[in-house]
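The primary structure of each chain is shown beneath.
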Amino acid sequence: PKEYLVLSGGTVLFSFVFFQTGAGALCSIIGFVYPALKSLQAIEDNIRGDDTQWLIYWVVYSFFHIIEAFTDFLIYWIPFYFAFKLAFLLWAMLPQTQGAKFLYDGFLKDLLKRNESRIDAALDEAKRSMSSVATEMAAATAEISAAGLASASIYAQRGSKDSLKNSKKE
């Protein structure tokens, strides 16, 4: 029956998180798929409150993900980290708990507003840097492509001369 299917699926998911086999991927899927679907639904309906709720969730999720990226070497040593992460993500995303709103209102809003000008300046600098890197890479790619084409052309010409010599000998 359905109860056994749900129970066995829940056991498998719990095992993934508890034994940390595929737990990172599972946490990423749970932290992304449900909120993405709810965000799409919020975009399509005309209720304003749910749009704000999911925007706040994505700000908190992004902030958490950035911190996690820089502390990855420490996370490895925390036992049952992914179980805690899953609990945190569920707490943050579920409308009943409104954990993301709690974190945003209590901590992130002030932090982001205080540092808004610095964040904007860093983003502008990153954009300028990436633009120059992209230009340099395009030039290098064009140069490599031209050298490769020239080399291929020379190789093809040698091959055609060799085949002409061989055909004249016969």
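Sequence order as written defines the numbering, with residues in each chain counted from 1. The predicted origin of the model limits local features to residues at a pLDDT of at least 70 and limits the giving and counting of side-chain atom pairs to 80 or more, whereas totals for whole chains, interfaces and linings rest on all residues. Only heavy atoms go into the side-chain values, all of them from the structure, while hydrogens and water stay out.

Novice: Any chance you could explain the packing of aromatic side chains here in plain terms?
Specialist: What characterises a pair of aromatic rings is the spacing of the ring centres plus the angle enclosed by the ring planes. Between rings of Phe, Tyr and Trp, where Trp is taken as its six-membered ring, a pair exists when centres lie within 6.5 Å; planes separated by under 30 degrees are stacked, by over 60 edge-to-face, and by other angles tilted. If you walk through the whole model with that rule in mind, you get 11 aromatic pairs. Centroid distance Tyr57 to Trp58: 5.2 Å. Interplanar angle 75 degrees. Geometry classified as edge-to-face. Measuring from ring centre to ring centre gives 5.2 Å for Tyr81 and Phe82, while their planes differ by 75 degrees; the resulting arrangement is edge-to-face. Every member of this aromatic cluster is reached through a ring pair, and the members are Phe32, Tyr34, Trp54, Tyr57, Trp58 and Tyr61.

Novice: Looking at this structure, I do not really get the nonpolar core. What am I missing?
Specialist: One broad trend across soluble globular proteins is that nonpolar side chains are buried collectively. Working definition of a nonpolar core: buried Ala, Val, Leu, Ile, Met, Phe, Trp, Tyr and Cys residues. They are joined through side-chain atoms within 4.5 Å. Here's how the labels work: a residue is buried when its accessible area is under 20% of the maximum for its type, exposed when over 50%, partly exposed in between, all with a 1.4 Å probe on protein chains only. Counting 13 residues, the largest nonpolar core has Trp54, Tyr57, Val60, Leu89, Met93 and Ala100 as the members making the most contacts within it. In terms of residues, this core owes the most to one element, helix H3 (residues 48-70), which gives five residues. Note on definitions: a residue-residue contact is assigned when non-hydrogen atoms from the two residues lie within 4.5 Å. Residue contacts for Met93: discarding those within four places in its chain leaves Ile30, Gly31, Tyr34, Pro35, Gln53, Trp54 and Tyr57. Strands here are runs of E lasting at least two residues and helices are runs of H or I lasting at least four, both read from the DSSP assignment and numbered beginning at the N terminus.

Novice: So what exactly am I meant to see when it comes to the pattern of salt bridges here?
Specialist: Should their charged atoms come close, side chains of opposite charge can pair. For this analysis, a salt bridge means a side-chain nitrogen from Lys or Arg found within 4 Å of a carboxyl oxygen belonging to Asp or Glu. If you walk through the whole model with that rule in mind, you get four salt bridges. With its nearest N and O atoms 3.0 Å apart, the salt bridge here joins Lys85 to Glu68. Placement of the pair is Lys85 in helix H5 (residues 81-93) and Glu68 in helix H3, with a sequence separation of 17 residues. Just as Lys85 is buried, Glu68 falls in that class too. Asp105 is the partner of Lys101 in a salt bridge, and the nearest nitrogen-oxygen pair spans 2.7 Å. Within this pair, Lys101 and its partner Asp105 are both found in helix H6 (residues 99-114), separated by four residues, close to a single helical turn. Using a relative accessible area of 33% as the deciding quantity, one classes Asp105 as partly exposed. Several salt bridges converge on common partners, so that one network encompasses Lys101, Asp105 and Lys109.

Novice: Quick question: what am I supposed to make of the packing of H3 against H5 here?
Specialist: When two helices pack together, their arrangement is given by the angle between the helix axes and by the axis-to-axis distance. The contact between H3 and H5 brings their axes to 10 Å, and the two run at 160 degrees. Here H5 runs roughly antiparallel to H3, going by the angle between their axes. Once H3 is placed against H5, the crossing between them reads as right-handed. Listed contacts from H5 to Gln53, Trp54, Tyr57, Val60, Tyr61, Phe64 and Glu68 of H3 are Tyr81, Lys85, Phe88, Leu89, Ala92 and Met93. Axes here refer to lines fitted to C-alpha atoms; in helices the fit is confined to the stretch in contact. Angles between the N-to-C directions go from 0 to 180 degrees. Just so you know how the angles are binned, under 35 degrees is roughly parallel, over 145 roughly antiparallel, 65 to 115 roughly perpendicular, and the rest oblique. Crossing handedness: left-handed means the near helix sits turned counterclockwise from the far one by under a right angle, and right-handed means the same turn made clockwise.

Novice: Teacher, can you tell me more about H5 here?
Specialist: Each turn of an α-helix holds 3.6 residues, which means side chains three or four residues apart point in the same direction. A helix is expected to reach a length of 1.5 Å times the quantity of its residues less one. With 13 residues, H5 extends 18 Å between its outermost C-alpha atoms, agreeing within 8% with the 18 Å of an ideal straight helix rising 1.5 Å per residue. Where H5 is concerned, the buried positions are Tyr81, Lys85, Leu86, Leu89, Ala92 and Met93. Down the axis of H5, the sector holding all buried residues measures 130 degrees, keeping them to one side. By construction, the arc corresponds to the directions joining the helix axis to the C-beta atoms.

Novice: I tried to follow the side chain of Lys85 on my own but got confused; where do I start?
Specialist: Residue classification places Lys85 among the buried positions, given a relative accessible area of 7%. There is a polar contact of 3.0 Å between the side chain of Lys85 and the side chain of Glu68. Identification of polar contacts relies on pairs of N or O atoms within 3.5 Å, with a donor-acceptor requirement for protein atoms, meaning one able to donate a hydrogen and the other able to accept it, and with residues adjacent in sequence counted only if both atoms are side-chain atoms.

Novice: I'm lost on the packing of helix H2 (residues 23-44) against H5 in this one. Help?
Specialist: Packing of H2 against H5 brings their axes to within 9 Å, and their N-to-C directions diverge by 5 degrees. By the angle class used here, H2 and H5 are roughly parallel. Contacts between H2 and H5 pair Ala23, Gly24, Cys27, Ser28, Ile30, Gly31, Tyr34 and Pro35 from the former with Phe82, Lys85, Leu86, Leu89, Leu90 and Met93 from the latter. Class assignment for the residues of the contact of H2 with H5 results in 10 nonpolar, three polar and one charged. Under the convention adopted here, Pro, Cys and the residues Ala, Val, Leu, Ile, Met, Phe, Trp and Tyr are nonpolar, Asp, Glu, Lys and Arg are charged, and Gly plus all remaining residues are polar.

Novice: Mind showing me how you'd approach the environment of Val59 here?
Specialist: With respect to the helices, strands and loops of the structure, Val59 is situated in helix H3. For Val59, a relative accessible area of 33% translates into the label partly exposed. Val59 sits 45 residues away from Tyr104 along the chain, and the two C-alpha atoms are 8.0 Å apart. Leaving out residues up to four positions away in the same chain, Val59 has contacts with Tyr104, Leu108 and Leu112.

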